[in-house]
Every structure is written in C-alpha cells, then in structure tokens.
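Below are the chains, spelled out letter by letter.
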Amino acid sequence: MSVELVRPSTKYESSYRAYIVELGDEERYPFPLDFDHKDFPALLRRLNDFAVGRNLPEGYVPSSTYWLVEHGELIGVSNLRHFLNEKIFNAGGHIGMGIRPQARGRGLGNLLLSLTIAEARKRGIAELHIHCHKHNEASARMIMANGGVLISERSDGNSADLIQRYVIAAP
C-alpha cells in the first residue's frame, strides 16, 4: 500500500473536489471539510491560518489538517487540535477524521489515526482526547486499537445518542 500523510496542497485540488462530491449529504468529518473550497488557494490559506493560530473564529483553537493520499488520490482527512479549550475538551477532542466513502473498509481509518497520533507526539501532546458517537462501533474499535481507553459517556444534547470520550496516553 503506497499511502502517505501529507499537508494540504494544490497538487490534490481535483482529488479534494471529487472527495467532497463523493461525500454528498453525509456529515463531514473533520470540520475543515465544511470550509468553502470554491477558491482553492483561499482554502489552503485558511487551513494554514488554523495551523498557525491566525484568524481563528471565536471558540476555535489552532489545528493542523492532514490528508491521507494513495497513488496521488486523497482518501482521508484528519485534523489535530494543538490543545483543547473547555468546550472542545467536552465535545470534540484532539483528533477528528474521516475516510473517503470509496476507500472505507480497508483499515485506512486505523492508519490515519495512527499517523495523526504520531504528529501529535511530535507536537509534544502527551494525552490525547478522542471522541466518537457510541453507535459508531467501527470508530470506537479504531480508537481502542490505537491505545484509547474509554473514560466517559455523555449525551450530545441533540439526540439520544451518547458521545464516548477516550484517552490515549503517551507511551
């Protein structure tokens, strides 16, 4: 498998646009996939601004976005928050991620999470908080496979679904 974790760049613009189309009406994870991408260079500037903590909306913290690429095609996206504020500590966590629909079921989520954890360790983040919906058993298994330990469950306030919070401690 020729898969690598890269920083967003114009090299993957057409693949990014195809990824967004493929997602259709599905909820997009992580949150930067919701950013306007009509002006692709502006999208890249916004992602860079987030990475360096510039021009952040109220309540947001600096975060780095990574793209998982296979044979030149974007197949996954992760976002690593550099630290947590109180709101994100309770709902969001350090890492959000998603795999392109056509690439799901191949273990790529596990790989993407592992590579993003490595990026967190490079930043000196010792304890990672990662959240998922209780009904998303595949996500929970992936988090546990990467060392996650369930520490709490709570209502998300919008539905009967529970949010599970996992911690991955430094090795």
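A brief report on the enclosed structure follows. A quick note: this is a predicted structure, and the numbers were derived from the prediction, not measured. The residue numbering used here restarts from 1 in each chain and proceeds along that chain's sequence as written. Totals for whole chains, interfaces and linings use every residue, but because this is a predicted model, local features are given only for residues with pLDDT of at least 70 and side-chain atom pairs only at 80 or more, for both listing and counting. By convention in this description, side-chain values take in all heavy atoms of the structure and omit both hydrogens and water.

### Observations concerning unusual backbone geometry
Put simply, tyrosine 29 and proline 30 share a cis peptide bond, and its omega is -5°. For proline 30, the position within the fold is in the loop between α1 (13–23) and α2 (40–52). For asparagine 55, which is not glycine, the phi torsion reads 55° and is therefore positive. Elements are defined by DSSP. Helices are runs of H or I of four residues or more, strands are runs of E of two residues or more, and each kind is numbered from the N terminus. By the secondary structure assignment, asparagine 55 is in the loop between α2 and β2 (63–70). Classification of asparagine 55 as exposed rests on a relative accessible area of 61%. Even without being a glycine, histidine 71 presents a positive backbone phi close to 50°. If you trace the backbone, histidine 71 turns up in the loop between β2 and β3 (73–81). Here's how the labels work: a residue is buried when its accessible area is under 20% of the maximum for its type, exposed when over 50%, partly exposed in between, all with a 1.4 Å probe on protein chains only. A relative accessible area of 63% places histidine 71 in the exposed class.

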